[in-house]
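This is what each chain is made of:
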Amino acid sequence: MSGLILKDFLILRKTLRSYLLFVAVYSAVASSGFWSASFMGGFIIMMLAILPMNVFAYDKQAKWDTYGLALPVSRTKTVAARYLTVLVLTAVSVALSAALGAALSLLGRMEETFAEYLLTCTVMAVLALLTNAMMLPLLYKFGSERARMMLFGVMGTIVLVGVVVLAPLGGIEWLKSLELAEPAMEQVAAVPVIAAAAGLVLLALSFLLSRHFYGSKDI
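Residues numbered from 1 in each chain as written. Predicted model: local features only at pLDDT ≥ 70, side-chain atom pairs only at ≥ 80, totals over all residues. Heavy atoms only, no water.

The next subject is the environment of Ser 144. Residue placement: Ser 144 occurs in helix H8 (residues 144-149). The contacts of Ser 144, once residues within four sequence positions are left out, are Phe 56, Ala 57, Lys 60 and Leu 139. (Helix = DSSP H or I, 4+ residues; strand = E, 2+ residues; numbered from the N terminus. Contact = heavy atoms within 4.5 Å.)

Take the packing of helix H1 (residues 2-11) against helix H4 (residues 51-61) next. Two elements in contact, H1 and H4, have axes whose closest approach is 10 Å; the angle formed by their N-to-C orientations is 95°. With respect to H4, the element H1 is oriented roughly perpendicular. In contact with Lys 7, Asp 8 and Ile 11 of H1, H4 contributes Val 55, Tyr 58 and Asp 59. Of the residues assigned to the contact of H1 with H4, the class counts are three nonpolar, no polar and three charged. (Axes fitted to C-alpha atoms, helices over the stretch in contact; angles between N-to-C directions. Parallel < 35°, antiparallel > 145°, perpendicular 65-115°, else oblique. Nonpolar A, V, L, I, M, F, W, Y, C, P; charged D, E, K, R; others polar.)

Let's shift gears to unusual backbone geometry. Its identity is not glycine, yet Lys 63 carries a phi of approximately 55°, on the positive side. Turning to its location among the elements, Lys 63 is positioned in the loop between H4 and helix H5 (64-68). Taking relative accessible area as the criterion, Lys 63 reaches 60% and is therefore assigned exposed. (Buried < 20%, exposed > 50% of the residue type's maximum accessible area, 1.4 Å probe, protein only.)

What follows deals with helix H3 (residues 37-49). Between its first and last C-alpha, H3 extends 18 Å over 13 residues, near the 18 Å set by a 1.5 Å rise per residue. Among the 13 residues that make up H3, ten are buried, leaving the element largely enclosed by the rest of the structure. Taken together, the buried positions of H3 are occupied by Ala 37, Ser 38, Met 40, Gly 41, Gly 42, Ile 44, Ile 45, Met 46, Leu 48 and Ala 49. (Expected span 1.5 Å × (residues − 1).)

Moving on: the pattern of salt bridges. Scanning the entire structure with this criterion turns up four salt bridges. Lys 7 is the salt-bridge partner of Asp 8, the closest N and O atoms lying 3.1 Å from each other. On the accessibility criterion, Lys 7 (15% relative accessible area) is buried. The residue Asp 59 makes a salt bridge to Arg 82 at a minimum N-O spacing of 2.9 Å. Pair noted here: Asp 59 is in helix H4 and Arg 82 is in helix H6 (residues 75-107), with a separation of 23 residues, a long-range link. The pair Asp 59 / Arg 82 is uniform in exposure class, with both members buried. Connected through shared salt-bridge partners, Lys 7, Asp 8, Asp 59 and Arg 82 make up one network. (Salt bridge = Lys/Arg side-chain N within 4 Å of Asp/Glu carboxyl O.)

A word on H1. Of the positions making up H1, those classed as buried are Leu 4, Ile 5, Lys 7 and Asp 8. Buried residues along H1 cover an arc of 155° about the axis, so they all sit on one side. Along H1, the residues that are exposed and aim more than 90 degrees away from the buried face are Ser 2 and Leu 6. (Arc of directions from axis to C-beta.)

What follows covers the packing of aromatic side chains. In this structure the tally under the stated criterion is six aromatic pairs. On the numbers, 5.4 Å between centres and 55° between planes, the contact of Trp 64 with Tyr 67 is tilted. Here Trp 64 pairs with Tyr 67, and both are found in helix H5, just three residues apart, close to one helical turn. Assessed through its relative accessible area of 16%, Trp 64 is described here as buried. On the numbers, 6.1 Å between centres and 15° between planes, the contact of Phe 114 with Tyr 117 is stacked. In this pair, Phe 114 and Tyr 117 both sit in helix H7 (residues 114-142), three residues apart, roughly one turn of the helix. The lysine or arginine in question, Arg 75, covers the ring of Tyr 214, its NZ or CZ lying 5.5 Å from the ring centre. For Arg 82, the ring lying beneath its charged end belongs to Phe 56, and the centroid distance is 4.6 Å. (Phe/Tyr/Trp six-rings, centres within 6.5 Å; stacked < 30°, edge-to-face > 60°. Lys NZ or Arg CZ within 6 Å of the ring centre and 35° of its normal.)

Take the side chain of Ser 210 next. On the secondary structure map, Ser 210 appears in helix H11 (residues 185-215). Residue Ser 210 is classed as buried on the basis of its relative accessible area of 0%. Setting aside anything within four residues of it in sequence, one finds Ser 210 in contact with Val 79, Tyr 83, Leu 136, Pro 137 and Tyr 140.

Shape descriptors only; they carry no functional weight alone.
Structure, rendered in structure tokens:
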């Protein structure tokens, strides 16, 4: 299965090089104060989060699925490898964002506190995982071309569900309060743990759905 993960990264190697150059240039712009650190950190995470979707398009061009089925690898492991790629890319994006935040904080270029910055990056990482959890089953079911057109619908659904769920619980007022007061360290420490657990649960459910779609797909 590690070979399948390596295959995904080899496919994305040119895209990742361009991405790293893009991050370097825009991080320099952010250090000048043109953009806020939180915007740049969240942007890094979301940009890297959508890269796994590109792999499906490249696989289709190369007719990888037909070739892959001839290998001694089950469809379950093939799907699992793609989800592990998502987790690795998300972890890398979070690490890059944390490094950027630490650098900007040392340079005194951050308007917010480092704790607020990490809280924002955590929220964006959860959104990235949620986006992949919703998109990957669609990619396995409908293919890259049709699923890409559904991306904006997925993003809109995330926002709608967030508002519907948070509003009755007073969550929106709580989020607004974070802008008016510095979050406590206990709060900042708890959010990544809860967010990581929620993201992994969503990905697990998404994996079961993707495995079903890919397992029943006639290639």
